[in-house]
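# Examining the three-dimensional arrangement
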Amino acid sequence: MGAKLTADMKRVVVEQRLAFVATVCPDGTPNLSPKGTISVWDDNHLVFADIRSPGTITNLRKNPAVEINVVDPFARKGYRFKGTGEVIVDGELFQQIMNFYRGRWVDAVRSKSEARIRGFVLVKVESALPLTSPAYDHTSVDEQSIRKHWISYFAALNEGSSDYRRRESFPFFNFPLESRRNGMVDTVVEALILDLLEWVTKRERDRTYEEVM
Ligand SMILES: Cc1cc2nc3c(=O)[nH]c(=O)nc-3n(C[C@H](O)[C@H](O)[C@H](O)COP(=O)(O)O)c2cc1C
């Protein structure tokens, strides 16, 4: 029968530009590798390019079983797709898929990289299920706050910011006091109390995220 991809599944796959693709080796062990060319072919199929995926291709030729995970690292949500993968290396369908990729966002297909594509894998999706971090089990947590947390975590990581933790551990790092500066209170003492409360709440929230993920 196969599963129908929802609009949100398609959105996440197209937006994320990265999937982890699992296949089965002849000895039964798993093989997992990333594919930045992942995209949506139609309502029932995903597709990716074989540029440098000998393991995945060899496995699929022997056993078409495949599972694909796509996760938004900021929302900590995504989807898992299970199905069968067909390796396409020539013919009309190969050309159609190449045309689909041509001129699109995929880095690998621009100009001379196109020649490096050895084939495509068309994945018929048999089941599609949502993935949600256990962080969402906490009633106080919503997607917006999770996004905010991970965006700032990765921003600090990317900047190589060694004071990320220090900032978190010292509530009044940003003197003059935040809440006073923002006009929320009049006196320094009030501002201190408000900032301290804000810091405790944030610390608890951050601990919640990091404990469960
Ligand atoms: C972010 C990222 C994206 C990648 N995208 C692709 C891709 O779309 N197609 C591909 O063939 N290889 C891609 N690669 C390279 C393969 O994942 C890599 O060569 C891997 O070792 C292949 O393993 P396999 O032969 O078991 O599939 C990517 C690697 C990274 C790190």
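### Some details on the overall build of the protein
Looking only at helices and strands, the protein has seven helices and seven strands in total. Starting at the N terminus and walking to the C terminus, you meet the elements of the protein as α-β-β-β-β-α-β-β-α-β-α-α-α-α. In the protein, buried positions account for 22% of the 213 residues. Partitioning the intrachain contacts of the protein with sequence separation of at least 6 by distance along the chain shows that 69% fall at a separation of at least 24.

### So, the pairing of strand E5 (residues 65–72)
As judged from the four bridges shared by strand E1 (residues 19–24) and E5, these two strands associate in the antiparallel manner. The residue of E5 that forms the bridge with Phe 20 is Asn 69.

### Observations concerning the nonpolar core
Generally speaking, a soluble globular protein has its nonpolar side chains buried in company with each other. Counting residues in hydrophobic clusters, the biggest one holds 24 residues, and the most contacted among them are Leu 46, Val 47, Phe 48, Ile 68, Val 70, Val 121 and Val 123. Elements supplying a minimum of two residues to this core: helix H1 (7–16), E1, strand E4 (45–50), E5, strand E6 (77–88), helix H3 (91–101) and strand E7 (119–132). No other element matches the five residues that E7 contributes to this core. Setting aside chain neighbours within four positions, we find Val 70 in contact with Val 12, Val 13, Gln 16, Ala 19, Ile 38, Gly 78 and Tyr 79.

### Considering the site of the ligand
The ligand sits among 16 residues. The nearest are Gly 36, Thr 37, Ser 53, Gly 55 and Thr 56. For the shell around the ligand, the secondary-structure elements that each account for two or more residues are strand E2 (30–35), E4 and helix H2 (54–62). At four residues, the largest contribution of residues to the shell around the ligand is made by E2. Per-class residue counts for the shell around the ligand are six nonpolar, seven polar and three charged.

### As for H1
Taken together, the buried positions of H1 are occupied by Met 9, Val 12 and Val 13. Buried residues of H1 fall within an arc of 95° about the axis and therefore sit on the same side. Projecting away from the buried face of H1 at angles above 90 degrees are the exposed residues Ala 7, Asp 8 and Glu 15.

### Observations regarding the sheet that holds E5
The seven strands lie next to each other as E2-E1-E5-E6-E7-E4-E3, forming an open sheet whose pairing is antiparallel. Since the sheet does not close on itself, it has two edges, and those belong to E2 and strand E3 (39–42), each with one partner. Across the sheet, the axes of successive neighbouring strands diverge by a mean angle of 35°, strand direction being ignored.

### Here we look at helix H4 (residues 143–158)
With 16 residues, H4 extends 22 Å between its outermost C-alpha atoms, agreeing within 8% with the 22 Å of an ideal straight helix rising 1.5 Å per residue. For H4, the full list of buried residues reads Ile 146, His 149 and Trp 150. Buried residues of H4, seen end-on, are gathered within an arc of 85° and therefore sit on one face of the element. Summarising the geometry of H4, the exposed residues directed more than 90 degrees from the buried face are Gln 144, Ile 151, Ala 155 and Asn 158. Count one or two residues on from H4 and you reach Gly 160, which has phi positive near 65°.

### Some remarks on the pairing of E1
Residues Ala 19, Val 21 and Thr 23 of E1 are buried on one face, while the alternating residues Phe 20, Ala 22 and Val 24, pointing to the opposite face, are not. Examined bridge by bridge, E1 and E2 share six bridges and lie antiparallel to one another. Bridge pairing in E2 links Val 21 to Ser 33. Between E1 and E2, which follow one another and run antiparallel, lie five residues, and Gly 28 among them has a positive phi close to 90°.

### A word on the environment of Ile 97
With respect to the element layout, Ile 97 can be found in helix H3. Judged by C-beta crowding, with 21 C-beta atoms within 10 Å, Ile 97 ranks as buried. Separated by 25 residues in sequence, Ile 97 and Leu 122 have C-alpha atoms that sit 9.2 Å apart. Contact partners of Ile 97, with chain neighbours within four places excluded, come to Val 47, Ile 88 and Phe 120.

The rules behind each value
Residues numbered from 1 in each chain as written. Predicted model: local features only at pLDDT ≥ 70, side-chain atom pairs only at ≥ 80, totals over all residues. Helix = DSSP H or I, 4+ residues; strand = E, 2+ residues; numbered from the N terminus. Buried ≥ 20, exposed ≤ 12 C-beta atoms within 10 Å, placed from the backbone. Contact = placed C-beta atoms within 7 Å. Pairing = 2+ DSSP bridges. Core = buried A, V, L, I, M, F, W, Y, C linked by C-beta atoms within 7 Å. Near = placed C-beta within 6 Å. Nonpolar A, V, L, I, M, F, W, Y, C, P; charged D, E, K, R; others polar. Arc of directions from axis to C-beta. Axes fitted to C-alpha atoms, helices over the stretch in contact; angles between N-to-C directions. Expected span 1.5 Å × (residues − 1).

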